[in-house]
Number of protein chains: 2
Amino acid sequence: MSDLTSQDQGYGTSARQGCPFHDIRQKLRRVGLRPTRQRVSLGWVLFAKGQRHVSAEMLFEEAMKERIPVSLATIYNTLRQFTEAGLLRELTLDGAKAYFDTADHDHHHFVVDGENRVIDIPADEIDVASLPVPPAGYEIARVDVVVRLRKIDG
Amino acid sequence: MSDLTSQDQGYGTSARQGCPFHDIRQKLRRVGLRPTRQRVSLGWVLFAKGQRHVSAEMLFEEAMKERIPVSLATIYNTLRQFTEAGLLRELTLDGAKAYFDTADHDHHHFVVDGENRVIDIPADEIDVASLPVPPAGYEIARVDVVVRLRKIDG
DNA sequence: TTACGTGCAAATAATTTGCAGTCCC
DNA sequence: GGGACTGCAAATTATTTGCACGTAA
């Protein structure tokens with residue numbers, strides 16, 4: 001915020017393959033969020049750089065690595081705002097940490113019991129037949145399937 | 001612990017319908033947990049009294065209501081131990097709170113977005129066809145389906 | 001008896017919030 | 001310029017832990 005004023009949009013030219021910054025800005029505007037420097041940068045990490053599952057801490061470290069000046073509080077705010085805007089999905093696993101994944105496709109998740117790792121299950125590899133009837137007054141907003149894995153004894 | 005010594009096992013005779021305390025003791029012994037006063041009492045609340053989904057806080061309040069002298073730390077310990085023993089299942093939803101449900105049947109869950117409410121989906125009302133192939137070295141331990149509900153706009 | 005369990009209070013860990021300064025439109 | 005956004009640090013919330021005492025086997 002003080003030592004990076006000259007890197008307003010680029011964070012080094014090598015990171016600009018495909019120049020997705022404009023796309024990110026559009027994406028943010030479309031959901032009513034001001035494309036601020038932090039949001040655009042974090043959006044780039046999440047949507048252009050291929051980070052699919054992150055916790056607040058992971059995104060923070062990723063941002064540090066990319067020389068994106070951002071505070072942890074803003075990471076939390078941004079994850080929340082992106083989630084509320086529908087750009088991300090919260091995925092809460094055992095333990096107290098929340099994970100977020102990019103929400104642009106329909107998929108489910110493998111999670112390994114003790115590990116902090118989440119693996120996508122492509123939508124066509126799983127099939128939920130016969131959804132239950134929701135209680136009166138409610139409709140199904142979405143269905144999350146979490147397939148918990150166990151290391152094969154070895 | 002000091003004012004309830006005379007209620008060692010009964011907590012009032014009216015609560016003993018069917019006298020499930022012995023069953024609870026057996027259940028605990030079977031999984032290698034000493035049937036202490038607290039564990040038996042909490043087990044009774046969870047398994048005999050029909051409490052199906054609880055958070056630590058809910059179980060604590062329930063225990064207070066039943067005049068079961070138990071500390072919050074013991075609630076946490078007990079929930080953890082029961083879960084490790086396979087008597088309970090942890091169900092982590094959005095937000096920081098963990099929920100636990102009795103694990104003796106195969107079922108999934110409805111959850112309503114903003115509310116602290118969990119509703120069982122009977123196993124026969126949902127059907128996951130075509131499970132995905134787990135990554136090499138792993139096997140599927142269990143599949144959790146969470147159907148998120150939204151109040152029909154009113 | 002003796003190891004295991006429990007209660008208390010203090011310690012952690014993740015996340016949120018209040019407020020002063022900053023930036024986008 | 002003005003309201004939305006960010007950063008910092010302090011506050012909250014859920015949960016864990018260390019240790020002295022109590023209790024089941």
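Please refer to the structure higher up on the page.
As a starting point, this report considers the structure included with it. (Residues numbered from 1 in each chain as written. Chains lettered and ligands numbered in written order. Predicted model: local features only at pLDDT ≥ 70, side-chain atom pairs only at ≥ 80, totals over all residues. Heavy atoms only, no water.)

**Structural notes on the relation of the copies chain B and chain A**
Of the transformation superimposing chain B on chain A, the axial component is 0.0 Å and the angular component is 179°, with the fit at an RMSD of 0.1 Å. Here the transformation between the copies is reduced to the relation of a two-fold axis. Interface overlap between copies is the fraction of interface residues in one copy that are interface residues in the other; for chain B against chain A it reaches 100%, indicating a shared surface. (Least-squares fit on C-alpha atoms with pLDDT ≥ 70 in both. Contact = heavy atoms within 4.5 Å.)

**A closer look at helix H3 (residues 56–65) of chain A**
All names here are of chain A. Among all positions in H3, only Ala 56, Leu 59, Glu 62 and Ala 63 are buried. Here the buried residues of H3 occupy an arc of 125° about the axis, which is enough to place them on one side. The inward-facing, buried residues of H3 contact helix H2 (37–48), strand S1 (53–55), helix H4 (72–84) and strand S3 (98–102). (Buried < 20%, exposed > 50% of the residue type's maximum accessible area, 1.4 Å probe, protein only. Helix = DSSP H or I, 4+ residues; strand = E, 2+ residues; numbered from the N terminus. Arc of directions from axis to C-beta.)

**Observations concerning the pairing of strand S5 (residues 118–121) of chain A**
Residues and elements named next belong to chain A. Examined bridge by bridge, strand S4 (residues 108–112) and S5 share four bridges and lie antiparallel to one another. Bridge pairing in S5 places His 108 opposite Ile 121. Adjacent in sequence and paired antiparallel, S4 and S5 are bridged by five residues. (Pairing = 2+ DSSP bridges.)

**Structural notes on the environment of A:Pro132**
Counting through the fold element by element, A:Pro132 comes out in the loop between strand S6 (127–129) and strand S7 (138–151). A:Pro132 gets classed as buried once you look at its relative accessible area, which sits at 4%. C-alpha separation for the pair A:Pro132 and A:Lys151, spaced 19 residues apart in sequence, amounts to 31 Å. When neighbours within four sequence positions are excluded, A:Pro132 is seen to be in contact with A:Ile140, B:Phe110, B:Ile121, B:Glu125, B:Ile126 and B:Val147.

**A look at the pattern of salt bridges**
As enumerated under the stated definition, the model contains 17 salt bridges over all chains in all. Here A:Lys49 and A:Glu66 are joined by a salt bridge, their closest N and O atoms 3.7 Å apart. Separated by 17 residues along the polypeptide, A:Lys49 in the loop between H2 and S1 and A:Glu66 in the loop between H3 and H4 bring together distant segments of the chain. By relative accessible area, A:Lys49 is classed as partly exposed at 32%. Across the salt bridge formed by A:Asp144 and A:Arg142, the nearest N and O atoms sit 2.8 Å from each other. Among the charged side chains, a salt-bridge network with shared partners connects B:Lys49, B:Glu62, B:Lys65 and B:Glu66. (Salt bridge = Lys/Arg side-chain N within 4 Å of Asp/Glu carboxyl O.)

**Concerning the protein's contact with DNA strand D**
Not every one of the 22 residues close to DNA strand D is listed here, only the nearest: A:Thr36, A:Gln38, A:Arg39, A:Thr74 and B:Arg80. Put simply, 79% of the atoms of DNA strand D that lie within 4 Å of the protein are in sugar or phosphate. Residue A:Arg39 places a side-chain N or O atom 2.3 Å away from a phosphate oxygen belonging to DNA strand D. Among the elements that take part in the surface near DNA strand D, helix H4 (residues 72–84) of chain B stands out by supplying four residues, more than any other. Counted by class, the surface near DNA strand D contains ten nonpolar, five polar and seven charged residues. (Near = heavy atom within 4 Å. Polar contact = N/O pair within 3.5 Å; in protein donor to acceptor, adjacent residues only side chain to side chain. Nonpolar A, V, L, I, M, F, W, Y, C, P; charged D, E, K, R; others polar.)

**Digging into the packing of H2(A) against H3(A)**
Residue and element names in this part refer to chain A. Viewed as axis vectors pointing N to C, H2 and H3 meet at an angle of 105°, and their least axial separation amounts to 11 Å. Viewed along their axes, H2 and H3 adopt a mutual orientation that is roughly perpendicular. Residue-level inspection shows Leu 42, Val 45 and Leu 46 of H2 in contact with H3, the latter providing Leu 59, Glu 62 and Ala 63. Classifying every residue of the contact of H2 with H3 by side-chain character gives five nonpolar, no polar and one charged. (Axes fitted to C-alpha atoms, helices over the stretch in contact; angles between N-to-C directions. Parallel < 35°, antiparallel > 145°, perpendicular 65-115°, else oblique.)

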